[in-house]
Each structure stands twice: as C-alpha cells, then as structure tokens.
Amino acid sequence: MKPAAWTLLLGFAGIALLAFAAAVNNLGEFLRFGRSLAPLNVLVAKPGVFYVSAGWTILLPLTVAGALGVVVSAWLSAPMTAKGAVLTDSFLAALLILAGTLAVISWAWGARTAHHLADRWRPAAD
C-alpha cells in the first residue's frame, strides 16, 4: 500500500472520530437546552416540538458539516491524488453516509431523550 493511500485511510478514521465527537457535543448541548423546553411540553402536549428543535440544533448542523466536510476533503486530497493516491467516489460517499447516519442517530436520540425528560418534569415553586 502506498503512503498516500495510508494518509487517506487514516484521514477517514480521523474524520470518523471528529464526526462522532461533534455528534456527542451537539447531543449534550441539546439535552442541556432541552430541559428548558420541558415546560413547553405541558402546553403543547405533543413530542413534535422536541423533534423539530432537535432537527434544527442537531440534524441540520451535522448534515451540513458532513456535506461540507466531503467537499473540503475532496479539495484537500487533490495534491495526494496527484502523487498516486486514489480517492474514489465510493470513499466520499462512505464519508457522507457516515456523517448522515451519525446526524440522524443523534437527532433521534436527542429528541427522544428530551421528550422523556420533559415527561418527568414537574413545576417547582420559585
């Protein structure tokens, strides 16, 4: 295996770890933010508010970041492909699928967890 190919392989592992870290970070931020949505659950009585807000705060940013990451990685790897590395469309598609899958899993997990936290919320006296 050529050194340029190793660079792309290790780059894929690095991107996967960064995507996972971003997903966990966004999920944690949403759960902290989701606690403030708990009183809204009493008024609305539908879990859709959690799925919409999780979509805006988790799903959309991670999906856009994944798409931009694929474009940037194709652009940055252009010098490596000139030296013999091969960057296939299937590799870029795998990166995009990885980012999209992480975004959808984080979105569903965050919305569901925030909804369950809101079901247990009780008003407290000031």
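Provided above is the structure to which this section pertains.
All figures in this text were calculated on a predicted structure; none of them were measured in a lab.

Enquirer: I'd like to hear about the overall build of the protein, residue by residue, with values.
Expert: If you tally the helices and strands in the protein, you get 5 helices and 0 strands. Traced from its N-terminal end to its C-terminal end, the protein shows the element sequence α-α-α-α-α. Relative to the globule expectation of 14 Å for 126 residues, the C-alpha radius of gyration of the protein, 19 Å, shows a markedly less compact shape. If one aligns the C-alpha atoms of the protein with their principal axes, the spans along those axes are about 65 × 20 × 20 Å. The proportion of buried residues among the 126 residues of the protein is 27%.

Enquirer: Please provide a residue-by-residue account of the environment of Ala114, values included.
Expert: Summarising the element assignment, Ala114 is placed in helix 5 (residues 89-119). Its relative accessible area of 1% is what places Ala114 among the buried residues. Those residues within four positions of Ala114 in sequence are excluded, and the remaining contacts are Phe30, Leu31 and Phe50.

Enquirer: Summarise the pattern of salt bridges; cite the residues concerned and give the values.
Expert: Under the criterion given, the structure shown has 1 salt bridge. Of the charged contacts in the structure, one is a salt bridge between Arg32 and Glu29, with a shortest N-O distance of 2.5 Å. In this pair, Arg32 and Glu29 both sit in helix 1 (residues 3-34), 3 residues apart, roughly one turn of the helix.

Enquirer: Give a detailed account of the packing of aromatic side chains, specifying residues and quantitative values.
Expert: Taken as a whole and assessed by the stated rule, the structure comprises 1 aromatic pair. When the ring of Tyr51 is compared with that of Trp107, the centres are 5.8 Å apart and the planes differ by 70°; the resulting orientation is edge-to-face. With Tyr51 in helix 3 (residues 48-76) and Trp107 in helix 5, this residue pair connects regions lying 56 residues apart in the sequence. With relative accessibility at 24%, the residue Trp107 sits in the partly exposed group.

Enquirer: I'd like to hear about the side chain of His115, residue by residue, with values.
Expert: Along the chain, His115 turns up in helix 5. Among the residues examined, His115 registers a relative accessible area of 17% and is labelled buried. If sequence neighbours within four positions are ignored, His115 has contacts with Asn41, Pro47 and Phe50.

Enquirer: Pulling in residues and values, what's your account of the nonpolar core?
Expert: One broad trend across soluble globular proteins is that nonpolar side chains are buried collectively. Among the nonpolar cores identified, the biggest contains 14 residues, and Phe30, Phe50, Ala54, Ile58, Leu62 and Ala114 are the most heavily contacted of them. Breaking this core down by element, the ones donating at least two residues are helix 1, helix 3 and helix 5. The contact partners of Phe50, leaving out residues within four places of it in the chain, are Phe30, Gly34, Leu37, Asn41, Ala111, Ala114, His115 and Ala118.

Enquirer: Any chance you could break down the environment of Thr63 for me, citing the residues and the numbers?
Expert: Examined against the element boundaries, Thr63 turns out to sit in helix 3. On a C-alpha basis, the gap between Thr63 and Ala99 in space is 6.6 Å, while along the polypeptide they are 36 residues apart.

Here is what the cut-offs are and how they apply
Residues numbered from 1 in each chain as written. Predicted model: local features only at pLDDT ≥ 70, side-chain atom pairs only at ≥ 80, totals over all residues. Heavy atoms only, no water. Helix = DSSP H or I, 4+ residues; strand = E, 2+ residues; numbered from the N terminus. Rg over C-alpha atoms; globule rule 2.2 N^0.38 Å. Buried < 20%, exposed > 50% of the residue type's maximum accessible area, 1.4 Å probe, protein only. Contact = heavy atoms within 4.5 Å. Salt bridge = Lys/Arg side-chain N within 4 Å of Asp/Glu carboxyl O. Phe/Tyr/Trp six-rings, centres within 6.5 Å; stacked < 30°, edge-to-face > 60°. Core = buried A, V, L, I, M, F, W, Y, C linked by side-chain atoms within 4.5 Å.

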